[in-house]
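Coordinates in review
The chain contents come next:
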Amino acid sequence: MSFFTSNRADRCPGPIVGNPLNGLCEKVCIQTKKVFDSCLNQFQAQNVNVTVDTDTYNPENPTFPLTFVGCVSTGESATTSNLTITRFDDRPNFARVSVDVNIPITISYTDAAGVAGTATGNLVVSEDVVMSVPQASIIPFTIEAFGSAVCSDGRFVGDNTFEVTTCTTVILRVVVEAEILVPSYGYCQIPPCQEYSNDACQGTFNLPLYPTTTV
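Thresholds, definitions, all that
- Residues numbered from 1 in each chain as written.
- Predicted model: local features only at pLDDT ≥ 70, side-chain atom pairs only at ≥ 80, totals over all residues.
- Heavy atoms only, no water.
- Core = buried A, V, L, I, M, F, W, Y, C linked by side-chain atoms within 4.5 Å.
- Buried < 20%, exposed > 50% of the residue type's maximum accessible area, 1.4 Å probe, protein only.
- Helix = DSSP H or I, 4+ residues; strand = E, 2+ residues; numbered from the N terminus.
- Contact = heavy atoms within 4.5 Å.
- 1 Å grid on protein atoms, 1.4 Å probe; cavity = no way out; pocket = protein on both sides within 12 Å on 5 of 7 lines; lining within 4 Å.
- Points joined across faces, edges and corners; volume = space filled by probe spheres on them.
- Nonpolar A, V, L, I, M, F, W, Y, C, P; charged D, E, K, R; others polar.
- Salt bridge = Lys/Arg side-chain N within 4 Å of Asp/Glu carboxyl O.
- Disulfide = S-S within 2.5 Å.

1. Quick look at the nonpolar core
Formed by 33 residues in total, the largest nonpolar core has its most connected members in V101, I103, I105, I107, L123, F162 and L172. Every element with two or more residues in this core is listed here: β1 (26-51), β2 (67-73), β4 (91-110), β5 (116-132), β6 (142-158) and β7 (161-184). Look past the residues within four positions of L172 in its chain and what remains in contact with it is D37, S38, C39, V99, V101, E127, V129, M131, E144 and A145.

Here it is as C-alpha cells:
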C-alpha cells in the first residue's frame, strides 16, 4: 500500500470529500519557502556557446575533434549569477530583475576515433523581467531559478566548446524562508508499502482449488 494505492484514509493526501472542515484539529507552524512571485519563459536559444568541464569527459581523454550528437539538461538545480534588482519609483512593489540562469547540461558526442561519450557544461541564459518583490525585511527574499533545455542542433567549435541551439524553459521565483501558520488535519497516516511481486506461481495459486461448472 501507499498513499495512493490505499483506501485514502482521512489523514492521507488526496481529494476532499464532503465538508472540508471535518477533521481539522489544529493550526500548524511550518517552515517553508513562501513564493511572492513566479514567471515562466520558454524560447529557442540559438547558437549559444557551451564550454564543457574537461573533468567531466566520459570516457576520459577523447580524440579531438568531436562530433556533436545531442544534449539535454542534467536535472540538477539551475543556479543564478549577476543578479541585479532595480525597483520602480512609481511601483514600489515591483522591480526589474536581471539575472543569468546557469543550466547544467550533458552533451553527447562521438570523438575522432568513433568512440561515443558525454561531457557536462552550463548553458547560460540571461533573463530581464519585471516581477513583484517584497519590501526590505530582516529575513531577505531571494531569486531562485529552474531551468530545462533540450538541444535541437549543435556543433563542436574547438577548445572544449560546443555551439548549440536549444529549446529552453526557465522559471524564476521570488521566495523567502518563512514560518507560516496553516490549518491541519494532523499527522499523515502512512500505510505499509505494497511490495512488487513477479512471482510466477501467483497466477496459479489464485486459481480455485476445484473446478466450477456453469449452468
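2. Some points on the layout of surface pockets
Empty space within the second largest pocket amounts to approximately 170 Å³. At the level of elements, β3 (79-88) and β6 are the ones that each hand at least two residues to the lining of the second largest pocket. The biggest single contributor to the lining of the second largest pocket is β6, with six residues. Across the lining of the second largest pocket, the residue classes break down as four nonpolar, seven polar and three charged.

3. Focus on unusual backbone geometry
The omega torsion of the bond from N58 to P59 falls at 5 degrees, within 30 degrees of zero and hence cis. Position of P59 among the secondary structure elements: in the loop between β1 and β2. Within the chain, N47 stands out as a residue other than glycine whose phi angle is a positive 50 degrees. Within the element layout of this structure, N47 appears in strand β1. Its identity as a non-glycine residue notwithstanding, N61 has a phi of 50 degrees, on the positive side. By relative accessible area, N61 is classed as exposed at 68%.

4. A few points about the pattern of salt bridges
This structure, assessed with the given rule, holds three salt bridges. Among the salt bridges present, the one from K33 reaches E144, with a minimum N-O distance of 2.4 Å. Here the residue K33 occupies a position in strand β1, and E144 occupies one in strand β6, the gap between them amounting to 111 residues. For E144, a relative accessible area of 24% gives the class partly exposed. Residue R96 pairs with D128 through a salt bridge whose shortest N-O separation is 2.7 Å. Remark: D128 occurs in strand β5 and R96 occurs in strand β4; sequence separation between them is 32 residues. Overall, the relative accessible area of 47% leaves D128 in the partly exposed class.

5. Some thoughts on the state of the cysteines
Under the criterion given, the structure shown has one disulfide. Note that C71 is cross-linked by a disulfide to C151, the S-S spacing being 1.5 Å. Disulfide C71 to C151: torsion about the S-S bond roughly 60 degrees, handedness right-handed. Remark: C151 occurs in strand β6 and C71 occurs in strand β2; sequence separation between them is 80 residues. The exposure class assigned to C151 is buried, which follows from its relative accessible area of 15%. C151 supplies the cysteine sulfur nearest to C167, a cysteine that is in no disulfide, at a spacing of 8.8 Å. Residue C167 is classed as partly exposed on the basis of its relative accessible area of 43%.

By themselves, these observations are geometric and do not establish any function.
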